[in-house]
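Residue-level listing of the chains:
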Amino acid sequence: MDADSGAVLYARSADERMPPSSMGKMMTTHVVFEMLKRGEVKLSDTVRVTADTWRAWNNRGSTMFLEVDEEVAIEDLLHGIVTLSGNDACVALAEGLMGTEAAFVARMNETARRLGMKNSRFANTTGWPDPNEYVTPRDLAILARSTINDFPDLYKRFYATPDYTRRLSSGKTIYQPNRNPILGLVRGADGLKTGHTEAAGYGFTGSAAQDGERLIMVVNGLTSEAERRAESGSFLNWGFRAFERRTLVKAGQTVEQAPVWLGAQETVPLVATRAVTTMVPRGSAQAAQAGLQGADPGTGQGRADRRHARTGPAGRRGAARAGQGRGRCRQGRPVRPHRRRLHVTVPLSVARGRFITLEGGEGRQVDPGAPAGRRAQGAGPHGAADPGAGRHAGAEAIRALLVSGDADRWDGWAEALLLNAARADHVRRVIEPALARGDWVVCDRFVDSTLVYQGLARGLGTERLVQLHDWAVGLWPDRTLVLTMDSQAALTRARGVAPAEQRFESEGADFHARLALGFAQLADAFPERCRIVRAEGDRIPSPHACWRRCDLHRRA
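Residues numbered from 1 in each chain as written. Predicted model: local features only at pLDDT ≥ 70, side-chain atom pairs only at ≥ 80, totals over all residues. Heavy atoms only, no water.

Things to note about the overall build of the protein
Applied cut-off: Numbering of helices and strands runs from the N terminus, with a helix taken as a DSSP run of H or I at least four residues long and a strand as a DSSP run of E at least two residues long. Using a 1.4 Å probe on the protein chains alone, a residue whose accessible area is under 20% of its type maximum counts as buried, one over 50% counts as exposed, and one in between counts as partly exposed. In what follows, a contact means two residues having at least one pair of non-hydrogen atoms within 4.5 Å. All accessibility values rest on the Shrake-Rupley procedure with a 1.4 Å probe; residue burial counts only the protein chains present in the view.
From N to C terminus, the protein includes 17 helices and 20 strands. Counting all 556 residues of the protein, 54% fall into the buried class. Contacts in the protein between residues at least 24 apart in sequence constitute 70% of all its contacts with a sequence separation of at least 6. Roughly 24,800 Å² of accessible area belongs to the protein as shown, and the carbon and sulfur atoms make up 48% of that amount.

Right, here's the structure in full:
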C-alpha cells in the first residue's frame with residue numbers, strides 16, 4: 001500500500017479474515033496515540049498495575065515484566081507494547097485509562113469502524129487468540145496508514161525504537177530488542193508490529209520510507225521467523241523498485257473549466273490545491289490519467305465526467321476546487337462553487353516474478369534458460385549467475401577478485417564481504433528489475449553458497465552471514481533447488497570446470513565432503529523453500545526433472 005494515498009499496489013487474499021495475533025496491538029497503540037493527541041492523557045501520567053492483572057499476565061506470552069502495585073508511566077507502557085509486545089503492558093494500560101479492558105476494547109472497535117476497517121473485530125487488547133476476534137490484511141494496512149499519517153511524531157518516537165531497557169524494583173535491569181525483523185535491515189524501515197499464533201503462523205505489518213516514498217506491507221501465515229524476515233524484506237524492497245510516483249496534475253494547475261448556470265461568467269476554473277500524484281508500475285508504458293466526477297451545476301444531479309470515468313484502486317495527492325473567480329447569477333446572488341472529485345485511472349497490472357536458485361553439486365548447474373524451463377513454467381526464465389558473471393561490470397569486477405588467485409588468497413570473511421558486495425550490485429541492477437517486470441529469474445548459486453562455503457565449510461557459522469545478507473542484499477529466493485551428489489563425484493565435477501573458476505573448486509576431498517554435508521543441512525533448515533534434486537553419480541539431472549521439483553506457479 002502507498003502510505004500517502006492509500007492505493008493498494010499489490011494484494012492477495014487481502015480481505016481474508018485471520019487472527020490478528022500481536023499485530024492487534026497496533027490498534028491498542030492507536031487508541032492511546034489518539035488520546036494523547038486529544039489531550040485526554042499525557043505521556044508522563046502513570047497507571048497502577050493491579051494484582052489481578054499481574055496474576056493473569058505475569059510471564060504469559062510476551063511481557064515487559066511489570067510488578068504488582070507498580071506505578072508505570074504511559075510512555076514506558078507504550079514502549080512495553082510497541083517495542084516488547086508486552087501483553088501485561090496492554091492490559092495494565094487499558095485498565096488504567098478506561099477502568100476495564102472491555103471498555104477499552106469497545107473504543108478499539110469504534111475506532112476500527114471510523115477508520116473503515118470493515119472486516120475487523122477486536123475482543124482484547126493483546127491479540128491473544130479469541131474465536132470472536134479477527135482482522136484482514138487490508139484492514140491492518142489501513143490501521144498502519146492511519147497511525148503513520150495521523151500521529152507522525154508519536155509513530156517515530158515509539159515504533160522506530162531499536163530496544164528498551166527496564167529497571168525492576170530489585171535493581172535488576174532487563175534489556176529487550178525490538179521484535180521488528182527489518183529494523184536496520186531494510187533501508188528506511190521504522191515500524192510496525194510482528195505477530196505469531198499457532199493458528200495464524202508468523203505475520204508482520206511493516207513500513208519503510210525511501211527517497212520520499214513510504215510503503216506499508218502486511219504478510220501472514222509464514223512458517224518461521226526466518227521466513228518472515230526474508231519475505232518481509234524481499235516484499236518491501238520489491239515494492240520500492242517495482243513502482244514509481246508520477247505527477248498527474250501540478251499544484252495550481254487548472255484541471256477543467258466548470259460551466260456556471262445562469263452566471264455572469266460561463267465557466268469558472270477548477271484548480272488543484274496540491275499536486276496530484278499516483279504510484280504506477282515503474283517504466284509502465286501505459287500512462288496514468290486523471291479526470292473529474294461531480295455534480296452538474298445546471299441540474300444538481302451527479303454525473304461522471306465525460307473525459308475519464310472512475311476505475312479501480314487509485315492513489316492521489318491533492319484535490320480539485322473551484323477557482324478564485326466566482327460567477328454571479330442574474331439576480332445578483334453569488335453562484336456557490338461546486339466541488340467535483342478527481343479520480344485517477346492507473347495501470348496496476350503487475351505481478352512480481354519468481355526467483356529460483358540452483359545450489360550444490362559443484363560447478364555449473366542446470367542451464368537457467370533451458371527450453372524445458374520455459375515449457376514447464378509458461379514463462380521464459382531470465383538466466384543469471386551469482387555473483388553476476390558477465391551481467392554487469394561492477395559485480396563482474398568484484399567476481400574477478402574472488403575467483404582468481406590461490407585458494408588462500410582471501411579468508412572466509414573477506415570472501416563473504418566481497419560476495420555480498422557483488423551480489424547486492426547484481427540484485428539491484430539485474431535481478432530485481434527483472435522480477436519487477438514479472439520475469440522469472442533462475443540464478444546459478446546465490447546466498448546459500450555463502451552459507452555453506454564460508455559459513456559451514458570455512459567455519460564462520462551462518463547466523464552473522466544471514467544478517468549480512470539481510471542488510472546488504474535483502475532478497476531471498478522463492479525456491480532453491482539443492483543438487484545432492486556423492487562428495488567424490490562433486491570433486492570430479494569441480495575439477496572439470498573452467499580454469500578461471502578453479503580457486504573455489506580446487507579444494508581437497510575433505511572440503512567437498514563438508515560442502516555436501518552443508519547443503520544437506522541447508523535443505524533441512526529451510527524446508528519451505530528448498531527442494532532436493534538427487535544426482536546419479538556425477539551426472540546432473542535433466543532440466544525437466546529440476547523444473548518439476550520447483551512446484552511454483554505465477555503469482556496472481
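Let's pick the thread back up.
Notes on the confidence of the model for the protein
Here is the rule we go by: Per-residue confidence from the predictor is reported as pLDDT, which spans 0 to 100.
Averaged over all residues, the pLDDT of the protein is 78; the fraction at 70 or higher stands at 72%. Contacts of residues 363-381 to residues separated by more than four positions or lying in other chains number 49 contacts, the stretch itself having pLDDT below 50.

Observations concerning the pairing of strand β18 (residues 440-444)
Under the convention used in this document: At least two bridges found by DSSP between two strands is the condition for calling them paired.
Most of β18 is tucked away, with 5 of its 5 residues classed as buried. What you see with β18 is no split at all: Trp440, Val442 and Asp444 on one side and Val441 and Cys443 on the other are buried throughout. For strand β16 (residues 355-360) and β18, the ladder comprises 4 bridges, and the chain directions are parallel. Residue pairing across strands places Phe355 opposite Val441, the latter belonging to β18.

Structural notes on the packing of helix α1 (residues 25-38) against helix α6 (residues 137-150)
When two helices pack together, you describe them by how their axes are tilted relative to each other and by the distance separating the axes. To be explicit about the condition: Axis definition: a line fitted to C-alpha atoms, over the contacting stretch in the case of helices. Angles run 0 to 180 degrees between N-to-C directions. Small angles under 35 degrees read as roughly parallel and large ones over 145 as roughly antiparallel, with 65 to 115 read as roughly perpendicular and the rest as oblique. We call a crossing left-handed when the near helix sits turned anticlockwise from the far one by less than a right angle, and right-handed when that turn is clockwise. For this classification, Asp, Glu, Lys and Arg are treated as charged, while Ala, Val, Leu, Ile, Met, Phe, Trp, Tyr, Cys and Pro are nonpolar and the rest, including Gly, are polar.
Interaxial distance between α1 and α6 falls to 10 Å at its minimum, and their mutual angle equals 30°. The angle between α1 and α6 places the two elements in the roughly parallel class. Handedness of the crossing formed by α1 with α6: left-handed. Residues Met26, Met27, His30, Phe33 and Lys37 of α1 form the contact with α6, whose own contacting residues are Leu140, Leu143, Ser146, Thr147 and Asp150. Of the residues contributing to the contact of α1 with α6, the split by class is 5 nonpolar, 3 polar and 2 charged.

Re the packing of helix α8 (residues 225-242) against helix α11 (residues 412-436)
Contact geometry of α8 with α11 gives a least axis separation of 10 Å together with a crossing angle of 85°. Relative to α11, the element α8 lies roughly perpendicular. Where α8 abuts α11, its residues Ser234, Asn237, Trp238, Arg241 and Ala242 lie against Val427, Arg428, Glu432, Leu435 and Ala436. Partitioning the contact of α8 with α11 into residue classes produces 5 nonpolar, 2 polar and 3 charged.

Quick look at the packing of aromatic side chains
Rule in force here: The aromatic pairing rule takes the rings of Phe, Tyr and Trp, using the six-membered ring of Trp, and pairs them if the centres are within 6.5 Å, calling planes under 30 degrees apart stacked, those over 60 edge-to-face and the rest tilted. Geometrically, a charge over a ring is one whose NZ (Lys) or CZ (Arg) sits within 6 Å of the ring centre while staying within 35 degrees of the ring normal.
Evaluation of the coordinates by the stated rule reveals 10 aromatic pairs. On the basis of an interplanar angle of 80° and a centroid distance of 5.6 Å, the ring pair of Tyr10 and Trp238 is categorised as edge-to-face. A residue pair is termed long-range when its members are at least 10 positions apart, and Tyr10 in the segment before α1 and Trp238 in helix α8 qualify at 228 residues. Across this residue pair, the class does not change: Tyr10 and Trp238 are buried. Centre to centre, the rings of Phe235 and Trp238 are 5.9 Å apart; their planes meet at 10°, and the pair counts as stacked. Remark: Trp238 and Phe235 occur in helix α8; sequence separation between them is 3 residues, near one turn of the helix. Overall, Phe235 belongs to the partly exposed group, its relative accessible area being 23%. Among the aromatic residues, those joined into a ring-pair cluster are Phe33, Phe151, Tyr155, Phe158 and Tyr159. The ring centre of Trp57 lies 4.4 Å from the NZ or CZ of Arg60, which sits over that ring. Sitting above the plane of the Trp128 ring, Arg60 keeps its charged end 4.5 Å from the centroid.

Things to note about the sheet that holds strand β7 (residues 213-222)
The antiparallel open sheet is built from 3 strands, whose spatial order is β5-β6-β7. Both edges of this open sheet fall to β5 (189-197) and β7, since each of them pairs with a single strand only. Across this sheet, the average inter-strand angle for adjacent strands is 10°, counted without regard to direction. Here β5 runs beside strand β6 (residues 201-210); their pairing, made up of 8 bridges, is antiparallel. By the bridge assignment, Leu192 is partnered in β6 with Gly206. Against the sheet, α6 touches β5, β6 and β7, its axis set at about 145° to β7.

A few points about unusual backbone geometry
The step from Gly191 to Leu192 runs through a cis peptide bond, and the omega angle for that step is 15°. Despite not being glycine, Phe65 has its phi angle at roughly 65°, a positive value. Within the secondary structure, Phe65 is located in the loop between α2 (51-57) and β2 (71-73).

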